[in-house]
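Structural overview for review
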Amino acid sequence: MTKNIHSPCIALATNVGKTINTCAYIVLYADRRKRKKRPVVICANWKMGIPVRWFNILHPRRRLPFIIKVHGLDAFEGRKFNHKLMHKTLESADFVVTGAKNIRNIIQKEHDYQKSIPVISCGVDINVFKPMQIPQNIYDKYNIPKNNKLILSIGRLIERKGFDTVIKALPHFMTEYDNFTYLIGGRGKYEAELKRIACELNVSDHVRFLGYIPDEDVAFLYNVCDIFVMPSREIGSDIEGFG
């Protein structure tokens, strides 16, 4: 996987409900009679690999190499038919990659997948996420105390993210520190429960819910914090794709 790919790439990240359009797109780019190099099809999830697999079955002489990226929730498939289909699709792919070791382990266990699964962490734009000065309006906008030590979590407010575990740890911090604030950026159905836990543990004064964070503010918040925490966990088949 470290070699450069010199063939053109087709990225499939569309909704599976648009499979017909996806198939047409593949056929359009798969005419090898006038092309010297085959495109490599990169599938954003295993379901996008289904039409590529069937194209290769129907047109073995024009077979398209394809890579499937498995993120998180799509590592599990509880329905029997879909589980079998997923297994066959993964087996027919040239490479299966994922962004975290726990997802790799699930694929190997659930599908008895024997091939190597490279773990490729999600990249970031280093021109955006870099050390920078924090403008005063960021402190004002989110009511961030400048003199406190700042802990930050950003993500959807759902149980899987584990933000409650940080809140539950705050009383232990308070035995030695007082000038700290836990910043939680994002929205979701678990917000009320997180606020309830903070209130129950008498740490509400140390927890600040920032609400929705626009993309242009994310890098500033990463810079403003002293510690970033992402304490995700597995809850049944609800798993975190970022590890």
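Keep in mind the model is a prediction, meaning the values are calculated, not measured. (Residues numbered from 1 in each chain as written. Predicted model: local features only at pLDDT ≥ 70, side-chain atom pairs only at ≥ 80, totals over all residues. Heavy atoms only, no water.)

1. Describing the side chain of Lys-161
Just so we agree on the cut-off: Secondary structure elements follow DSSP: runs of H or I of four or more residues count as helices, runs of E of two or more count as strands, with numbering from the N terminus. Accessible area is worked out with a 1.4 Å probe on protein chains only. A residue is then buried under 20% of its type maximum, exposed over 50%, and partly exposed in between. Every residue pair with non-hydrogen atoms within 4.5 Å of one another is taken to be in contact.
Within the secondary structure layout, Lys-161 lies in the loop between strand 5 (149–154) and helix 6 (163–174). Given a relative accessible area of 6%, Lys-161 falls into the buried group. Not counting chain neighbours up to four residues away, the residues in contact with Lys-161 comprise Arg-156, Met-230, Pro-231, Ser-232 and Glu-240.

2. Some words on unusual backbone geometry
Although it is not a glycine, Asp-112 adopts a positive phi angle of roughly 50 degrees. Residue placement: Asp-112 occurs in the loop between helix 4 (101–111) and helix 5 (136–142).

3. Observations regarding helix 7 (residues 191–200)
Under the convention used in this document: As used here, the arc is the angular range of directions from the helix axis to the C-beta atoms.
Of all the positions in helix 7, only Leu-194, Ile-197 and Ala-198 are classed as buried. Buried residues of helix 7 fall within an arc of 100 degrees about the axis and therefore sit on the same side. Exposed side chains of helix 7 directed beyond 90 degrees from the buried face belong to Ala-192, Cys-199 and Glu-200. Residues of helix 7 that are buried in the fold lie against helix 6 and strand 7 (207–211). Following helix 7 by one or two positions, Asn-202 has its phi on the positive side, about 60 degrees.

4. Quick look at the pairing of strand 4 (residues 95–98)
Spelled out, the test is: Two strands make a pair as long as DSSP finds a minimum of two bridges between them. Seen with its strands pointing away from the viewer, a crossover is right-handed when the path leading from the first strand over the helix to the second is clockwise.
Pairing geometry for strand 3 (residues 66–70) and strand 4, over 4 bridges, is parallel. By the bridge assignment for strand 4, Ile-68 is matched with Val-96. At this point the chain moves from strand 3, through helix 3 (residues 80–92), to the parallel strand 4, and the crossover so formed is right-handed.

5. With respect to the sheet that holds strand 8 (residues 227–228)
Stated precisely, the cut-off is as follows: Axis definition: a line fitted to C-alpha atoms, limited for helices to the stretch in contact. Angles are taken between N-to-C directions and run from 0 to 180 degrees.
The sheet built from 4 strands is open, its strands ordered 7-6-5-8 with parallel pairing. Looking at strand neighbours, the two that pair on one side only are strand 7 and strand 8, the edges of this open sheet. Across the sheet, helix 6 lies against strand 5, strand 6 (180–185) and strand 7, angled at about 175 degrees from strand 6, the strand it touches most.

6. Quick word on the packing of helix 2 (residues 49–58) against helix 3
How we decide: Should the near helix be turned counterclockwise from the far one by less than a right angle, the crossing is left-handed, whereas a clockwise turn marks it as right-handed. In this classification, Asp, Glu, Lys and Arg are treated as charged, Ala, Val, Leu, Ile, Met, Phe, Trp, Tyr, Cys and Pro as nonpolar, and every other residue, Gly included, as polar.
One can describe the packing of helix 2 onto helix 3 by two numbers: an axis separation of 10 Å at closest approach and a directional angle of 65 degrees. Remark: the crossing between helix 2 and helix 3 carries left-handed chirality. Judged by residue contacts, Gly-49, Ile-50 and Arg-53 of helix 2 engage Leu-85, Lys-88, Thr-89 and Ser-92 from helix 3. Of the residues belonging to the contact of helix 2 with helix 3, the class tally is 2 nonpolar, 3 polar and 2 charged.

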